[in-house]
Structure formats: structure tokens, C-alpha cells
Amino acid sequence: MNLKLYNSLSGEKEIFKPIHENSVGMYVCGPTVYSNVHLGNVRTFMSFDFIYRTLVHLGYNVRYVRNITDAGHLTDDGDVNNDRFVKQSRLEKLEPMEIVQKYTVDFHKVLQTFNLLPPTIEPTATGHILEQIELTQKLIDKGFAYESNGSVYFDVLYYNELGLNYGELSRRNVEELFANTRDLDGQSEKKNPQDFALWKAASPAHIMRWNSPWGEGFPGWHLECTAMSTKYLGEKFDIHGGGMDLKFPHHECEVAQGKACNGTEPVNYWLHANMLTMNGQRMSKSTGNYILPMELVSGSNDFFEKPFHPSIVRFNFMQAHYRSVLDISNEAMVASEKGYQRLMEALKILNNSAASENDEETSFDVKIWKEKCYAALTDDFNSPILISHLFEAVNFIFKLKEGKESISAEDLEELKKLMNDFIFEVLGLQNIEENNNAKLDQTLQVLIELRNQARKAKNFELSDQIRDRLLAEGIELKDGRDGTSYSIS
């Protein structure tokens, strides 16, 4: 089947044709690590994790690059004091790179909790300052950028005068952009209000600063992605992804930088994941309609009736197409938990099933079902349609258990493989029961160690108390030559 992607640049679904056969270069804009990753970010990165998993499952060799923004993220080009890292370091009384380390660790921990695969390359903005300086100089030499008071700006008007069409990705009219731009403090050094910073001169109080041909400063936000994507994927690559909120100005600026530097569209397919809402409203700290990922998992919040396992959250997220707005609520999470449990129960039944010798024919057409599943995957990564097909198989499996359906040995093995592949490899779900068993084992090992310490200290009262309390819960400790084991009745 031909893989079709919705390309934000054309506004249409297109048949995917990689630049290099069977290989995919994919770049996704990563986090700005000045605060805890929020749930909306998790939804975006999970969407591209699903896309990454699907591409690999379809047989592509994927180089997946996702950056870490750890410098240069200005809220606007006019005021260098709006650097988010500088503001957060002052707030927390930490060095900027301590802020970076703290929230990079949080980012990785949260994504690992939700079973996201790591990218194949994860470059940082601070690790590519030289590449950004070189790109800036190249843009100056080509006439697309100019220096002003130690800062360097991209000349949007000149770019458009050459017919290169700034605004093509977000479908914005550049004349309207100029007419509607509000003058910001410090923009007098720009030729045009829509010009964006490639390099910013650092004020005396600015902490993060590097030497450059234009004086001490720091890179603009948009340039880092062009520098890192082209370094690891080439001047033109297959897929660039990110949240819908990045389409303008961030991705628009990336298109302009790439075309100006190399004379070609830098990316063949632009993919954008849509936003996450909660209880029908946009999530916002200012309104209080806001929850962190780990608060949803732990249950320490006022919105949900109980904790929800990361795989339940992931299953909920996968039930919406990545380009659709996803709304989460207590009711939706409870429904997702029930759906997940039914899916996993069916999978357990399937994996333990054996075909009857009398079942030479199958009452469920596995071949057609397989084609429908792959049709969903290859139709712009349609996870909700894939899940609906999985539940067609779930209904069959329960009827099979009741003896109301039949399946041949060959079809049974095919169905087992496909269901396991789609659930674990592609959707990235995990078996909660297995995870809970692992945690139970870890907990019991801790109690066994505490009991052994009590026995060494001749505190037999505590030792016997641990043994008897566990026995009352159906867990029997057995002392042997090789140590203490347990059995659960």
C-alpha cells in the first residue's frame, strides 16, 4: 500500500516518496527545557512517536532527530530580557544550565513513563552554536540577512521581493503581515517589523552569551532547527514535524532560512499535531484548567477521580487522529480504561488459544482484516481507525472463546502476531498486569531484605510479624539454602 501523508505545505494528502529508497529522515521540534513538560507537549511527542513506530514497522530505516532547545528562545525579538532561560534562572536562583539540566531530565523521565522511544539523534542548541554562526554568515553573504547593533536579522521583505514567498506554509499574506505588525520595543534596529532574529546581541546582564563575528550574543530561536536538521539530515529531507502552534512563525522561518541558504525547499512533507484540551477548554495555568503529566498518572489533581496508568493515557491519546483536537476528561479516561482492559483481556485469551483440529476454516477473514489495519496506518497514520479494527478482532476473540467462531491454526498464528505487533510495537501500549507484577516482586524483595536484617539483629518479633502479615495476604515466604523465596496463593 502507498503511504499517504497530509502535507501542511500543500494542504493535501500526498503519496509519500522518500528521497532515499526505504529510508526516512525525520526532524521534530523538541522541548524548550525551561520548565516541566506539559501534557499538551506529551501529546505532540506521542503523536510523532506513533508516526516513528509506524514508519519503522512499515520497513523504513528512519533517522529520527528531535532537538533540545536550551538557549535562545526569545518570546519576542525586541527585548533580550525575555529569554526564557534567563527569566527562569533568576526565578529559581540557579545557573541557566542548571535549569536546562533539571528540566531535560524531567522531559526524558516523563516521555519514558509514557513509553516513547528515544530519537536516534537528540542535538542541543548550545552544542551547535558554531553551525548557527556559519549559517548566519552565509545568509549575510547571500544578502538575506543584515547586522544591526551587534544583532543579525533575516530580511523578510528582500526574501519576498525575490518571489520566495514568506508565509507559504501558514498561508499568510506578507503584505497583511507587515500592515498588522505591532511595533515592539527595540525593533527600531530592524529594517522591517517582520524581520526575525538570527543572532541577538547580549546585554551586559545577559548570562548566556557566545562570541561571534558581530560581538557577544546568543542565537535566535528559529535558526537552531535549520542548523541541526541540515547537519544531520541534509539540505533537503523527508519529514519535519511539530505542534500546530509552531507552524507560524517558527516553521515558516525555517522554510525561509532553508530556501535562502540552499535555494531549495528544505522539507518535502510538513506534519503538524493538533492541540490538547481538557474538559472542553484550552489548558492554561492562568485559568487553573491545567494538569501536569505526572499529576494525571499519580492522581494528585482535582480533575480526575483516580490515577490513570500511563498506558491508559496513551490509549486515550491514540484514539484521536494526530491532526485532530483531543479533549481529555474524567469520563473519557474512565472509558479508555475500560476499553484498554477489554483489549488486553482479548489479547491474553488470543495468546493462550490453540486451534482445534476440526477448525480448517476461519469464520473471521484475517487477510481482509489485516488489509484494513494497514490501510488505516498508511492513510496519514490513522490511529483511531486502526483501534476500531482491533476491536473488530476483539469481538471475534471473545466469540471464539465461547465456541461461537472458528479459526484455523495458520490464521490463529497470523492474528496473534498482528495483534501483538499493532498493540505493543505500533501503538506503543504496555501490559499493565506485567508491570504490576514486576513492582510487586520489587516490593516483596524489599520486605524480604528488611526481614533478613531483623533476623540478623535477632529481632525475631519483627521478623515473624513480616512473615505472618504476608501470609495473611496469601504470600508465603520460604527460607532455603539459597535464600528466601515466596509463593502467592
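The structure reproduced in this document is the subject of the present report. Since the model is a prediction, treat every value here as computed from it, not as a measurement.

### As for the overall build of the chain
Then, in step 1: What the chain contains, in helices and strands, is 16 helices and 15 strands.
Then, in step 2: Across its three principal axes, the chain shows a C-alpha extent of roughly 75 × 65 × 40 Å.
Then, in step 3: Within the chain, the fraction of its 489 residues that count as buried is 51%.
Then, in step 4: Looking at the chain alone, contacts between residues at least 24 apart form 73% of all its contacts between residues at least 6 apart.
Then, in step 5: When the accessible surface of the chain is split by element, carbon and sulfur atoms take 47% of a total near 22,900 Å².
Then, in step 6: Distance between charge centroids for the chain: 3 Å, based on 51 positive and 70 negative side chains.

### Let's talk about the environment of S286
Then, in step 1: Examined against the element boundaries, S286 turns out to sit in the loop between β12 (281-282) and α9 (293-298).
Then, in step 2: Within the local environment of S286, its side chain forms a polar contact with the side chain of S284, the two groups lying 2.7 Å apart.

### Regarding the sheet that holds strand β3 (residues 23-28)
Across a sheet, paired strands are connected by hydrogen bonds in the backbone, their directions being either parallel or antiparallel.
Then, in step 1: The parallel open sheet is built from four strands, whose spatial order is β4-β3-β9-β10. Where the open sheet ends on each side, the last strands, each with one partner, are β4 (61-66) and β10 (267-273). Shown here is a sheet whose adjacent strand axes are inclined to one another by a mean of 20°, direction ignored.
Then, in step 2: Sheet topology note: the strand β9 (residues 237-243)/β10 ladder contains six bridges and is parallel. In the sheet register, F237 faces β10, and the bridge partner there is V267.
Then, in step 3: Sitting on the sheet, helix α8 (residues 247-262) touches β9 and β10, and the angle it makes with β9 is about 160°.

### As for the pattern of salt bridges
Then, in step 1: For the coordinates displayed, the defined rule picks out 22 salt bridges.
Then, in step 2: As a salt-bridge pair, D49 and R314 come within 2.5 Å of each other at their nearest N and O atoms. Of this pair, D49 sits in helix α1 (residues 39-57) while R314 sits in helix α10 (residues 310-318), and the two are 265 residues apart along the sequence.
Then, in step 3: Here D49 falls in the buried class, since its relative accessible area comes to 1%.
Then, in step 4: In this structure R314 comes out as buried when scored by relative accessible area, which is 0%.

### Let's talk about the packing of helix α11 (residues 330-351) against helix α14 (residues 409-426)
Then, in step 1: In the contact formed by α11 and α14, the axes pass within 10 Å of each other and the chain directions differ by 145°. Handedness of the crossing formed by α11 with α14: left-handed. Two secondary-structure elements touch here, α11 through L343, M344, L347, L350 and N351 and α14 through L412, L415, K416, M419, N420, I423 and F424.
Then, in step 2: A class-by-class count of the residues in the contact of α11 with α14 yields nine nonpolar, two polar and one charged.

### Points about the sheet that holds strand β7 (residues 196-201)
Then, in step 1: As summarised here, the arrangement of the four strands in space is β5-β6-β7-β8, forming an open sheet in which the pairing is antiparallel. Edge positions in the open sheet fall to β5 (145-148) and β8 (217-219), since each of these has one partner strand only. Sheet twist, expressed as the average angle between the axes of neighbouring strands with direction ignored, equals 20°.
Then, in step 2: The pairing of β7 with β8 spans three bridges and is classified as antiparallel. Directly across from K200, in β8, lies its bridge partner F218.

### Looking at the environment of L169
Then, in step 1: Locating L169 in the fold gives a position in the loop between α5 (156-161) and α6 (174-180).
Then, in step 2: Along the backbone, L169 and A227 are 58 residues apart, and their C-alpha atoms lie at a distance of 19 Å.
Then, in step 3: Setting aside chain neighbours within four positions, we find L169 in contact with S8, L9, K247, H251, E252, V255, W270 and H272.

### A look at the packing of aromatic side chains
Aromatic rings in a pair are described by how distant their centres are and how their planes are angled relative to each other.
Then, in step 1: Overall, the coordinates contain 21 aromatic pairs when judged by the stated rule.
Then, in step 2: Their ring planes at 25° and their centres at 6.3 Å tell us that Y166 and F196 sit as a pair that is stacked. Of the two residues, Y166 sits in the loop between α5 and α6 while F196 sits in strand β7, which places them 30 residues apart along the sequence.
Then, in step 3: Here the aromatic residues F144, F154, Y158, Y159, Y166, F196 and F248 are joined through ring pairs into a cluster of three or more.
Then, in step 4: Lying over the aromatic face of Y146, K191 brings its terminal NZ or CZ to 4.7 Å of the ring centre.

### Some thoughts on the nonpolar core
Then, in step 1: Counting residues in each nonpolar core, the largest one holds 91 residues, and the members touching the most others are L55, W369, M419 and F422.
Then, in step 2: If one sorts the elements of this core by residue count, helix α13 (residues 383-401) sits on top with 10 residues.
Then, in step 3: Apart from residues no more than four positions distant in its own chain, F422 is found in contact with H57, W369, C373, Y374, L377, L386, L390 and L427.
Then, in step 4: In terms of nonpolar packing, the next biggest core, distinct from the first, is built from 23 residues, L135, Y159, Y166 and F248 among them.

Definitions and limits used
- Residues numbered from 1 in each chain as written.
- Predicted model: local features only at pLDDT ≥ 70, side-chain atom pairs only at ≥ 80, totals over all residues.
- Heavy atoms only, no water.
- Helix = DSSP H or I, 4+ residues; strand = E, 2+ residues; numbered from the N terminus.
- Buried < 20%, exposed > 50% of the residue type's maximum accessible area, 1.4 Å probe, protein only.
- Contact = heavy atoms within 4.5 Å.
- Areas by Shrake-Rupley, 256 points an atom, 1.4 Å probe, with all protein chains shown as cover.
- Lys, Arg positive; Asp, Glu negative; His and termini not counted.
- Charge placed at Lys NZ, Arg CZ, Asp CG, Glu CD.
- Polar contact = N/O pair within 3.5 Å; in protein donor to acceptor, adjacent residues only side chain to side chain.
- Pairing = 2+ DSSP bridges.
- Axes fitted to C-alpha atoms, helices over the stretch in contact; angles between N-to-C directions.
- Salt bridge = Lys/Arg side-chain N within 4 Å of Asp/Glu carboxyl O.
- Left-handed = near helix turned anticlockwise from the far one by under 90°.
- Nonpolar A, V, L, I, M, F, W, Y, C, P; charged D, E, K, R; others polar.
- Phe/Tyr/Trp six-rings, centres within 6.5 Å; stacked < 30°, edge-to-face > 60°.
- Lys NZ or Arg CZ within 6 Å of the ring centre and 35° of its normal.
- Core = buried A, V, L, I, M, F, W, Y, C linked by side-chain atoms within 4.5 Å.

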